[in-house]
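The residues making up each chain are set out below.
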Amino acid sequence: VYIVAEARLAALPGAVPKPKKGGDKKKAKEGEAAAPAAAAAAGFEVLAKFQGAELVGASYEPLFPYFAHLGSAFRVLADGYVTDDSGTGVVHQAPAFGEDDYRVCLANGVIAKGEGLPCPIDLNGRFTGEVTDFAGKYVKDADKEIIANIKAAGRLVDHASLNHSYPFCWRSDTPLIYRAVPSWFVKVEAIKARLLANNEQTYWVPSYVKEKRFHNWLEGAHDWAISRSRFWGTPIPIWASEDGEEIRVIGSIAELEEVAGRKVGDLHRHFIDDITIPSRHGKGVLRRIDDVFDCWFESGSMPYGQLHYPFENKELFEANFPADFVAEGLDQTRGWFYTLMVLSTALFDKPAFKNLVCNGLVLASDGKKMSKRLKNYPDPREVINKYGADALRLYLINSPVVRAETLRFKEEGVFGVVKDVFLPWYNAYRFLVQNVRRWEVESSETFNPGTTLDAAEALVAAAAAAEANGSSSNQQVSGVAVPDRWIA
């Protein structure tokens, strides 16, 4: 017995009979159709039809037994993100490997926030010891063995290859696995109302980025994971006991030197990771956690870090905060703009800036991100040498990027500025200069853009007034005729 979304019956091999190629043309012409009963007999028998909601809460036996001991798992849930345009209409949830999976399992009590997640993959992409049949096997190399295991258990319905999009590392072109890892978080959800209120105190150009994109991002903000498992970076100044129950956060170099009993001249991890702090609760010694800061935490700390606040320049900082003006690209609504707002709100309950200018992004001509590796854009130096920096500037300031929209950069666009703007502009200027020089020769006077043109304008006005009164004026100021001819 199979349970499958009605719209996806065709995805189940043999469920729906395939029509014969060509068919009976004579019967088709006569308007005869194949009997429905005959078609049904060739496919699977439909035992019952019901709404998917009726399955919610039902438990089931998992395909593999490795996590069968989890009492809260292996039951049917429902969520709006599941669609009937692919697969079977039933989606397996793995909370350690997907944002929607995590959200659904958290909302339905399968997992709990802050607790460990069931995860059969280690940090090297290999199955853990819990997966006894495939332990130590790299996940991408285990497909055939997994299929064979399912077939041997009599649970294989179909075996096929599907082409679909998949994430790859943009540096090494190796396949990626979306996997949850232990992290340290800032409780952004607890200050969400204050973030929204502080955003209202700022002025953005263009305004829709603030009112829509940034507002919506703040409204849906989750707790912020600020830790990264890397070597290089700013070490997170947290010392913890082995069981993680005793934690001490170091707030300054002076405090670190006090607990270390020595001078600390460099804060990179290989200079401070050997420092231990005696436990205050009989837990041995506290050691620094392995993680370093997310670099966005550091960028959001820029207003304070650049002045070494609060250890120095306290009055200077307080007199100039929030900043009058910041500017960056549209992508920073989820980056720098966001981290600035989160940290300033958490620390001072005010925005980090008063005014903000946001520009769009310049993409390659094919709409993809410009990449040094792919070389999908012209060399900027060659563009400037060929068309000039001013043509490039004018091309950019007359493009959608000034309205915080994307621009597909095309070299012919810069050439268009030269052809349609600079050359006509230059030719008009050259024509003016030629006529000015001719006028100076004919009049034996020096052309002055201020006095000469003012006098010419006065004469033109007098002539127009005389003509309106029905009289004529033979007054002629030297210089009027020449500009008159080329302006007309």
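Up top you'll find the structure we're talking about.
The rules we used
- Residues numbered from 1 in each chain as written.
- Predicted model: local features only at pLDDT ≥ 70, side-chain atom pairs only at ≥ 80, totals over all residues.
- Heavy atoms only, no water.
- Helix = DSSP H or I, 4+ residues; strand = E, 2+ residues; numbered from the N terminus.
- Expected span 1.5 Å × (residues − 1).
- Contact = heavy atoms within 4.5 Å.
- Pairing = 2+ DSSP bridges.
- Axes fitted to C-alpha atoms, helices over the stretch in contact; angles between N-to-C directions.
- Right-handed = clockwise from strand over helix to strand, strands pointing away.
- Bend = angle between axes of the 7 residues up to and from the residue.
- Buried < 20%, exposed > 50% of the residue type's maximum accessible area, 1.4 Å probe, protein only.

S.K.: Lay out helix α6 (residues 207–219) with the relevant residues and their values.
M.R.: The first and last C-alpha atoms of α6 sit 17 Å apart over 13 residues, in line with the 18 Å expected at 1.5 Å per residue. Taken together, the buried residues of α6 touch α5 (192–199), β2 (203–205), α12 (336–348) and β11 (353–359).

S.K.: Would you mind going over the sheet that holds strand β8 (residues 285–288) in detail, with residue names and values included?
M.R.: Taken in spatial order, the four strands make up an open sheet running β6-β5-β8-β7, and their pairing is antiparallel. Single-partner strands in this sheet number two, and they are β6 (247–249) and β7 (276–278). Adjacent strand axes in the sheet meet at a mean angle of 30 degrees, parallel and antiparallel pairs treated alike. In the sheet, strand β5 (residues 238–240) pairs with β6 via three bridges, with the strands oriented antiparallel. Bridge pairing in β6 places I238 opposite V249. Here helix α7 (residues 253–260) sits on the sheet in contact with β5, β6 and β7, set at roughly 135 degrees to β6.

S.K.: Explain the pairing of β11 to me, using residue names and the numbers behind them.
M.R.: In the sheet, β2 pairs with β11 via three bridges, with the strands oriented parallel. Its bridge partner lying in β11, Y203 is registered against N355. Where strand β10 (residues 323–329) and β11 come together, six bridges link them in parallel fashion. Residue A327 lies in a different strand from β11, and its bridge partner there is V357. Tracing the backbone out of β10, into α12 and back to the parallel element β11 gives a crossover that is right-handed.

S.K.: How would you summarise helix α15 (residues 411–443) if you had to cite specific residues and measurements?
M.R.: Side chains that are three or four residues apart share a direction in an α-helix, a result of its 3.6 residues per turn. Across its 33 residues, α15 extends 47 Å between first and last C-alpha, which sits within 8% of the 48 Å expected from 1.5 Å per residue. Of all the bends in α15, the greatest, near 35 degrees, is centred on F422, and the proline P424 appears no more than four residues after it. Among all positions of α15, only V414, G416, V417, V418, N435, V436, W439 and S443 are buried. Note on α15: the residue one or two positions beyond its end, S444, has a positive phi of about 60 degrees.

S.K.: I'd like a description of the sheet that holds β11, backed by residues and values.
M.R.: Taken in spatial order, the three strands make up an open sheet running β2-β11-β10, and their pairing is parallel. If you trace the sheet from one side to the other, it starts and ends with β2 and β10, each paired once. Here the strands of the sheet are splayed against their neighbours by 15 degrees on average, with no regard to which way each runs. Against the sheet, α6 contacts β2 and β11, and its axis sits at roughly 105 degrees relative to β2.

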